[in-house]
Amino acid sequence: ELARGIHPTVLSDRGLGAAVEALAHRAPLPVEVGEMPAGELPEQVELAAYFVVSEALTNVAKHASATHASVTVTNGNGRLAVEVSDDGVGGADIALGTGLRGLSDRLTAINGQFDIDSKPGHGTSLRASIPCPDELRACR
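Just so you know, these numbers come straight off a predicted model, no measurement behind them.

Enquirer: What should I look at first to understand the overall build of the protein in this one?
Expert: A tally of regular secondary structure across the protein gives four helices and five strands. For the protein, the succession of helices and strands along the chain, N to C, is α-α-β-α-β-β-α-β-β. Scaling as 2.2 N^0.38, a compact globule of 140 residues should have a C-alpha radius of gyration of about 14 Å, and the protein matches this with 14 Å. With the C-alpha coordinates aligned to their principal axes, the bounding extent of the protein is approximately 45 × 30 × 25 Å. Buried positions account for 43% of the 140 residues belonging to the protein. Pairs at least 24 apart in sequence give 65% of the contacts found in the protein among residues at least 6 apart. Computing the positive centroid from 11 side-chain charges and the negative centroid from 18, the protein places the two 3 Å apart.

Right under this line is the structure:
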């Protein structure tokens, strides 16, 4: 992957669904991969979604003490919605670490939105909304 820059090979070769499946397979806990968009998406949209899932699953593995996580990616209304949830300890706070803050900054830079719901003792749900270019119908 480093030889191709920070762009994951599986994402380039097989698309977002396969790349998310690969992330789920490498996770140290069971990760259910739910809905994924059909068809091709713009490269920059796929890459942003991939990094959201990657960072979220890394945080689950490092901090959540979770037994299960789930990932869904849906498209509509010109946006790609990514959600990663876990059944861990909750209490994630964007102000306490660099990973979530970096993810929020990355999404803000592309006019995306980021939301996290992480009540202590009740797991964490991270949601990202990534805009698609208007001229493409992939996210409609």
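Enquirer: Any chance you could explain the side chain of Ser 129 here in plain terms?
Expert: Relative to the helices and strands, Ser 129 is located in strand β5 (residues 124-131). The class for Ser 129 is buried, based on a relative accessible area of 15%. A polar contact is formed between the side chain of Ser 129 and the side chain of Arg 79, at a distance of 2.5 Å. Residues contacting Ser 129, with those up to four places away along its chain left out, are Arg 79, Leu 80, Gly 112 and Gln 113.

Enquirer: Sorry if this is basic, but what is going on with the nonpolar core here?
Expert: One recurring pattern in soluble globular proteins is that nonpolar side chains are buried together. Formed by 40 residues in total, the largest nonpolar core has its most connected members in Leu 16, Val 53, Leu 57, Val 71, Leu 80, Val 82 and Ile 130. Taken together, the elements giving at least two residues each to this core come down to α1 (9-14), α2 (16-26), β1 (31-33), α3 (43-64), β2 (69-76), β3 (79-86), α4 (98-109) and β5. Residue contributions to this core peak at twelve residues, all from α3. Those residues within four positions of Val 71 in sequence are excluded, and the remaining contacts are Val 20, Val 31, Glu 32, Val 33, Gly 34, Met 36, Val 53, Leu 57, Glu 83 and Val 84.

Enquirer: I keep staring at the packing of aromatic side chains and nothing clicks. Help me out?
Expert: Both the distance between ring centres and the angle between the ring planes are used here to describe each pair of aromatic rings. For the structure shown, the criterion picks out one aromatic pair. For the pair Tyr 50 and Phe 51, a centre-to-centre distance of 5.6 Å together with 80° between the ring planes defines the contact as edge-to-face. Of the residues examined, Phe 51 reaches a relative accessible area of 18% and is grouped as buried.

Enquirer: Explain the pattern of salt bridges here, please?
Expert: A pair can form between side chains of opposite charge whenever their charged atoms are brought close. What the rule picks out here adds up to three salt bridges. Between Arg 127 and Glu 83 there is a salt bridge, with the nearest N and O atoms lying 3.8 Å from each other. Of this pair, Arg 127 sits in strand β5 while Glu 83 sits in strand β3, and the two are 44 residues apart along the sequence. On the basis of relative accessible area, Arg 127 is assigned to the partly exposed category, the value being 29%. Take Glu 83: its relative accessible area is 29%, and that puts it in the partly exposed class.

Enquirer: What am I meant to see in the sheet that holds strand β4 (residues 113-117) here?
Expert: Adjacent strands of a sheet pair through backbone hydrogen bonds, lying either parallel or antiparallel. Strand order in the open sheet formed by five strands is β1-β2-β3-β5-β4, with mixed pairing between adjacent strands. In this open sheet, the two edge strands, each paired with only one partner strand, are β1 and β4. Within the sheet, the average angular offset between the axes of one strand and its neighbour, ignoring direction, is 15°. Where β4 and β5 come together, five bridges link them in antiparallel fashion. Looking at the pairing, Gln 113 lines up with Ser 129 of β5. Strands β1, β2 and β3 of the sheet are contacted by α2, whose axis makes an angle of about 165° with β1.

What counts as what
Residues numbered from 1 in each chain as written. Predicted model: local features only at pLDDT ≥ 70, side-chain atom pairs only at ≥ 80, totals over all residues. Heavy atoms only, no water. Helix = DSSP H or I, 4+ residues; strand = E, 2+ residues; numbered from the N terminus. Rg over C-alpha atoms; globule rule 2.2 N^0.38 Å. Buried < 20%, exposed > 50% of the residue type's maximum accessible area, 1.4 Å probe, protein only. Contact = heavy atoms within 4.5 Å. Lys, Arg positive; Asp, Glu negative; His and termini not counted. Charge placed at Lys NZ, Arg CZ, Asp CG, Glu CD. Polar contact = N/O pair within 3.5 Å; in protein donor to acceptor, adjacent residues only side chain to side chain. Core = buried A, V, L, I, M, F, W, Y, C linked by side-chain atoms within 4.5 Å. Phe/Tyr/Trp six-rings, centres within 6.5 Å; stacked < 30°, edge-to-face > 60°. Salt bridge = Lys/Arg side-chain N within 4 Å of Asp/Glu carboxyl O. Pairing = 2+ DSSP bridges. Axes fitted to C-alpha atoms, helices over the stretch in contact; angles between N-to-C directions.

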